[in-house]
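# Architecture and fold: a report
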Amino acid sequence: MALDIILLGAPGSGKGTQAERLQSWLPLPHVSSGELFRDAMESDTELGKLVKGYIERGELVPDEITIRMVAERITRPDCDQGVILDGFPRTLAQARALDALFERMGRRIDAVLNIQVEKQVLMERLSGRWICSQCDRSYHRQNNPEQVRGSCDACGGDLEQREDDRPETQRRRINVYEEQTAPLIRYYRERGVLVDIDGEQDVDAVAQDIREAVEPLSREIV
Ligand code: AP5
Ligand code: MG
């Protein structure tokens, strides 16, 4: 039996931070569509060239491209036991495509963690965020600082800011979330898999609430 979890939330809500916390006790791959796109842009692949403009403008990459990329990733053998999805799905079309894919694989979504954070807090978080250029771990200048300034606690890589964290792009991404992704809350609530999480608590408290929601589902894996 696989365990498939979605982290749903606006830009800056803490999806990446919490995916990493989950992985500290749940041995499942973390699949972030945003990270897959950023890796492709860094390696300057065809996919990277194709998606760069959308990401820099803070718009969604078209569904067809995104669905193909994520489907290819989650059908690899390391996802046989399940997956922690971060940033996918983000539209109703993506959610339906994921349901269809899992159905063909004899699986279904077990839990959708809806990490709720107010807009003002999102903007503060994105403005203070620094990311490791090597392992993508994220830090925050005030809330979640690295131990040695400018260097990743986990791997020692250099920290950098994300191109799409500029204030005008932040606003655009948050609006896009409200228009295109927030409808998924209802979609998953109706399927009985949505769990609301108060994302404005500190990182440890959010991680604890998520653990309490996921642990009962994970007996066969941990
Ligand atoms: P993506 O990479 O998914 O970015 P996002 O959704 O905008 O989310 P972020 O990564 O900005 O935030 P997060 O929720 O992971 O927060 P984090 O943990 O870093 O997507 C980027 C782009 O790719 C999109 O705009 C789009 O163009 C494209 N894309 C990706 N997926 C797509 C899809 N499915 N379809 C189409 N296009 C797609 O935390 C943020 C900051 O807050 C950090 O500094 C962190 O340290 C801090 N923090 C975290 N938790 C807390 C807390 N509890 N208290 C205080 N500070 C905290
Ligand atoms: Mg992220």
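A brief structural summary. Model, not experiment: these values are computed from the prediction. (Residues numbered from 1 in each chain as written. Chains lettered and ligands numbered in written order. Predicted model: local features only at pLDDT ≥ 70, side-chain atom pairs only at ≥ 80, totals over all residues. Heavy atoms only, no water.)

## Section: the overall build of the chain
Stated precisely, the cut-off is as follows: Runs of H or I in DSSP of at least four residues are treated as helices and runs of E of at least two as strands, each being numbered from the N terminus. The globule rule used here is 2.2 Å times the number of residues to the 0.38 power, and the radius of gyration it is set against is calculated over C-alpha atoms. Residue burial is assigned from relative accessible area. The probe radius is 1.4 Å, only protein chains are included, and a residue is buried under 20% of its type maximum, exposed over 50%, and partly exposed in between. Only the protein chains shown count as covering a residue, and every accessible area follows the Shrake-Rupley method with a 1.4 Å probe. A residue counts as positive if it is Lys or Arg and as negative if it is Asp or Glu; His and the chain ends are not included. Where a charge lies is defined by one atom per residue type, namely NZ (Lys), CZ (Arg), CG (Asp) and CD (Glu).
When you go through the chain residue by residue, the secondary structure sums to nine helices and eight strands. Whereas a compact globule of 222 residues would reach a radius of gyration of roughly 17 Å, the chain reaches 17 Å, a difference of no more than 12%. Across the 222 residues that make up the chain, the buried fraction comes to 46%. If you sum the accessible surface of the chain, you get close to 11300 Å²; carbon and sulfur atoms cover 46% of it. Considering the chain, the positive charge centre built from 30 side chains and the negative charge centre built from 41 side chains are found 3 Å apart.

## A look at the side chain of Asp86
Applicable threshold: By definition here, a salt bridge exists when the distance from a side-chain nitrogen of Lys or Arg to a carboxyl oxygen of Asp or Glu is within 4 Å. When checking whether two residues touch, look at their non-hydrogen atoms; a contact exists if any pair is within 4.5 Å.
Relative to the assigned elements, Asp86 resides in strand β3 (residues 82–86). No salt bridge is formed by the buried Asp86; its nearest oppositely charged neighbour, Lys15, is found at 4.9 Å. When near neighbours in sequence (up to four residues on either side) are disregarded, Asp86 contacts Leu7, Lys15, Gly16, Ala19, His30, Val31, Ser32 and Ser33.

## Points about helix α6 (residues 119–127)
Selection criterion: Arc definition: directions from the helix axis to the C-beta atoms.
Regarding α6, the residues found buried are Leu122, Met123, Arg125 and Leu126. End-on view of α6: buried residues confined to an arc of 165°, all on one side of the axis.

## Describing the pairing of strand β1 (residues 3–9)
As a reminder, the rule being used: At least two DSSP bridges between two strands are needed for those strands to be called paired.
The element β1 is largely enclosed, with a buried count of seven among its seven residues. Side chains of β1 alternate between two faces, with Leu3, Ile5, Leu7 and Gly9 and Asp4, Ile6 and Leu8 buried alike. Relative to β3, β1 runs parallel, the two sharing five bridges. Bridge pairing links Leu7 to Asp86 in β3.

Functional significance is not addressed by these values, which are geometric in nature.
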